[in-house]
Amino acid sequence: IAFNNPFGDKVVTGSFDKTAKLWNAETGELLQTLRGHSTEIVCLSFDPSGEIVATGSMDSTAKLWDVATGEERVTLMGHTAEIVSLNFAADGKQIITGSFDHTTKVWDVGSGQCVHTLSGHRGEISSTQFNYNGDRCISGSIDRTCKIWDVKSGQCINTLRGHNDEILDVAFSTNGTKLVTASAD
C-alpha cells in the first residue's frame, strides 16, 4: 500500500489477485484497476510527482503505470526472481528494484532501461532505497548485510555487517547522512 505523498489524495494497493487498485483517499472511490502482472503484486511506490505508480511482482517484473489513465507505461524486465522492493529516486528519474535473485537494479524511468545491476549479496534482497540526492542507494539482504552503492558507477562503496539474522528493512534519513537497518535479530 502507498500514498501519493506529498499530495495524499490517492492510495494504491497491490493484491494476490494480480492487480493493483488506485483509490481516491478522500472518498474511497476506486479510480483505476491496473492489470498486467501474471502473479501477485507485493510492492508499490508512487513517483514524487504522483503521476506514475510502480508495481513489483512475484512474476519477476516491475511495471510503471500512468496514474491518470491507468495505462501501463513500461515493464521492467531483467530480474530472474520475485521483486520484493522498489522505490523512486527523489527526482523521479530513476527507480530501484530489489529481488530474490540476490540483485538490485537501477532503472531509467523514461526509457525503462536497466542502468546498473548491483550484485554482491549472497542472499535475497529484502529492501532498497535511494538517498535524497539520488547519488547513493542501499540494499538490505537475507545474507545479514546492508550494502551502500554509488548510483552513478554502480559500485559497492561499503558493506555493513553486524546483524545476527536477516535484514528486513533499510532506510536513509531525510538528509541522507544516516541509514538504519532492521533485522529479525
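Only a predicted model underlies this, so the values are computations on that prediction, with no experimental measurement involved.

Q: What am I meant to see in the overall build of the protein here?
A: When helices and strands are counted, the protein shows zero helices and 18 strands. For the protein, whose C-alpha radius of gyration is 16 Å, the value lies close to the compact-globule estimate of 16 Å for 185 residues. Taking all 185 residues of the protein together, 49% fall into the buried category. With the model as given, the accessible surface of the protein reaches about 8900 Å², and the carbon-plus-sulfur share is 47%. The centroid of the 15 positive side-chain charges in the protein is displaced by 6 Å from the centroid of its 23 negative side-chain charges.

Q: Whenever I open this one, the pairing of strand β7 (residues 61-66) confuses me. Can you help?
A: Working note: regular strand, side chains alternate between the two faces of the sheet. Taken across its six residues, β7 has six buried, putting it largely inside the fold. The sheet contact formed by strand β6 (residues 52-57) and β7 spans five bridges and is antiparallel. Its bridge partner lying in β7, V53 is registered against W65. Adjacent in sequence and paired antiparallel, β7 and strand β8 (residues 72-77) are bridged by five residues, among which G70 carries a positive phi angle near 80 degrees.

Q: Even after reading the chapter, I still don't get the pattern of salt bridges, so can you show me in this structure?
A: Oppositely charged side chains are able to pair whenever their charged atoms sit close together. Applying the stated rule across the entire model yields four salt bridges. We note a salt bridge from D9 to K10, for which the minimum N-O separation is 3.3 Å. The class for D9 is partly exposed, based on a relative accessible area of 31%. Residue K10 is classed as partly exposed on the basis of its relative accessible area, which comes to 21%.

Q: Quick question: what am I supposed to make of the pairing of β6 here?
A: Counting buried positions along β6 yields six of six residues, so the element is predominantly enclosed. Burial of β6 is two-sided: the residues I52, A54 and G56 facing one way and the residues V53, T55 and S57 facing the other way are all buried. In the sheet, strand β5 (residues 41-46) pairs with β6 via five bridges, with the strands oriented antiparallel. Paired with C43 across the strands is G56, a residue of β6.

Q: Explain the sheet that holds strand β14 (residues 136-141) to me, please; I cannot follow it from the model alone.
A: Note: strands within a sheet are paired through backbone hydrogen bonds, in either parallel or antiparallel orientation. The antiparallel open sheet is built from four strands, whose spatial order is β13-β14-β15-β16. If you trace the sheet from one side to the other, it starts and ends with β13 (125-130) and β16 (156-160), each paired once. The average angle at which neighbouring strand axes cross in this sheet is 15 degrees, direction not considered. Of the strand pairs in this sheet, β13 and β14 are connected by five bridges, and their pairing is antiparallel. The residue bridging Q129 from the neighbouring strand is I138, located in β14.

Reading the values: rules and limits
Residues numbered from 1 in each chain as written. Predicted model: local features only at pLDDT ≥ 70, side-chain atom pairs only at ≥ 80, totals over all residues. Heavy atoms only, no water. Helix = DSSP H or I, 4+ residues; strand = E, 2+ residues; numbered from the N terminus. Rg over C-alpha atoms; globule rule 2.2 N^0.38 Å. Buried < 20%, exposed > 50% of the residue type's maximum accessible area, 1.4 Å probe, protein only. Areas by Shrake-Rupley, 256 points an atom, 1.4 Å probe, with all protein chains shown as cover. Lys, Arg positive; Asp, Glu negative; His and termini not counted. Charge placed at Lys NZ, Arg CZ, Asp CG, Glu CD. Pairing = 2+ DSSP bridges. Salt bridge = Lys/Arg side-chain N within 4 Å of Asp/Glu carboxyl O. Axes fitted to C-alpha atoms, helices over the stretch in contact; angles between N-to-C directions.

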